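Observations on the three-dimensional arrangement
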Amino acid sequence: MHPTVKPRIKICCISSIEEAWTAINYGASALGFVSQMPSGPGVISEELIAKIVAKIPPPIATFLLTSSQDTQEIIQQIKRCGTNTVQICDKIESGNYQDIREALPGISMVQVIHVTNEYSINEAIKIAPFVDAILLDSGNQSLDIKELGGTGRIHNWDISKQIRGQVEIPIFLAGGLKPENVALAIKQVAPFGLDLCSGVRTNNKLNENKLKRFFEQL
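Everything in this summary refers to the structure shown in the same document. (Residues numbered from 1 in each chain as written. Predicted model: local features only at pLDDT ≥ 70, side-chain atom pairs only at ≥ 80, totals over all residues. Heavy atoms only, no water.)

A closer look at unusual backbone geometry
- Positive phi, normally seen in glycine, also occurs at Ala190, with a value near 50°.
- Here Ala190 is to be found in the loop between helix H7 (182-189) and strand S8 (193-196).
- The exposure class of Ala190 is buried, given its relative accessible area of 12%.
- Of note in the backbone geometry, Asn203 takes a positive phi value of approximately 50° without being a glycine.
- Relative to the assigned elements, Asn203 resides in the loop between strand S9 (201-202) and strand S10 (205-206).
- Judged by its relative accessible area of 72%, Asn203 is exposed. (Helix = DSSP H or I, 4+ residues; strand = E, 2+ residues; numbered from the N terminus. Buried < 20%, exposed > 50% of the residue type's maximum accessible area, 1.4 Å probe, protein only.)

Considerations on the packing of aromatic side chains
- Per the counting criterion, the structure on display carries 4 aromatic pairs.
- Ring plane angle 15° and centroid distance 6.3 Å describe the contact between Tyr97 and Phe130, whose orientation is recorded as stacked. You can see Tyr97 sitting in helix H4 (residues 97-103) and its partner Phe130 sitting in the loop between helix H5 (119-127) and strand S6 (133-137), a full 33 residues away along the chain.
- Above the face of the Phe63 ring, Lys10 is positioned so that its terminal group lies 4.8 Å from the ring centre. (Phe/Tyr/Trp six-rings, centres within 6.5 Å; stacked < 30°, edge-to-face > 60°. Lys NZ or Arg CZ within 6 Å of the ring centre and 35° of its normal.)

As for the packing of helix H6 (residues 157-166) against H7
- Contact geometry of H6 with H7 gives a least axis separation of 9 Å together with a crossing angle of 45°. In terms of axis orientation, H6 runs oblique to H7. Residue-level inspection shows Trp157, Asp158, Ser160, Lys161 and Arg164 of H6 in contact with H7, the latter providing Leu184, Ala185, Gln188 and Val189.
- For the contact of H6 with H7, the residue count by class is 4 nonpolar, 2 polar and 3 charged. (Axes fitted to C-alpha atoms, helices over the stretch in contact; angles between N-to-C directions. Parallel < 35°, antiparallel > 145°, perpendicular 65-115°, else oblique. Contact = heavy atoms within 4.5 Å. Nonpolar A, V, L, I, M, F, W, Y, C, P; charged D, E, K, R; others polar.)

Side note on the state of the cysteines
- Across all of its chains, the model carries 1 disulfide by this definition.
- The partner cysteine of Cys13 in its disulfide is Cys197, sulfur to sulfur 2.2 Å. One quick way to see it: the torsion about the S-S bond of Cys13 and Cys197 is about -115°, and its sign makes the bridge left-handed. One end of the pair, Cys13, is in the loop between strand S1 (8-11) and helix H1 (17-26); the other, Cys197, is in the loop between S8 and S9, and 184 residues separate them in sequence. Comparing Cys13 with Cys197 shows no difference in burial state: the two are buried.
- Just so you know, Cys12 is unpaired, no disulfide at all, and the nearest cysteine sulfur is the one on Cys13, 4.4 Å from it.
- Assessed through its relative accessible area of 5%, Cys12 is described here as buried. (Disulfide = S-S within 2.5 Å.)

The values are spatial; any link to function lies outside them.
Printed below as a string of structure tokens:
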């Protein structure tokens, strides 16, 4: 049984230096930057990502969210953006995780698994040895226009809890988290980290009041 410790908080969909510092000042230990996606909120240009990331102090993890399924493409993207972590939001189809490790030894790799059914448990167990963390989200890769995150929906936390119990690496929980349900999420899943986007925003802007309430709930 994992002891319930206060989870790390990642605030995603950061779109300005001001937003980045607001999140850090409230207690975020990781920030997410969304590059080109088939759908969902928070997409900004790689130029802007690089500009913001250059101003973030070292202990903060900076996540580049990528929808690319090609490791060579992902490596080039990370080099352009300068983040210290990559969040792979879809399945890799060309190349493998080792390519990224060899090209960029210092980079942390986080694979997103969209929790849809029991099959997600096997997917997580299979991927865990190759990455540094797994992020459980509520997207759907099989739609015509893929949903790779930012849905604001909660998935089946029972499956997330089973995954957390069966893999040795840190688990981030994402999807529909907000001040009202964060205590329950921690109690039920006991994840290493929580990942928020829409739950702390109003009209796509970071809302300090929601941020404050969220951190108070922790």
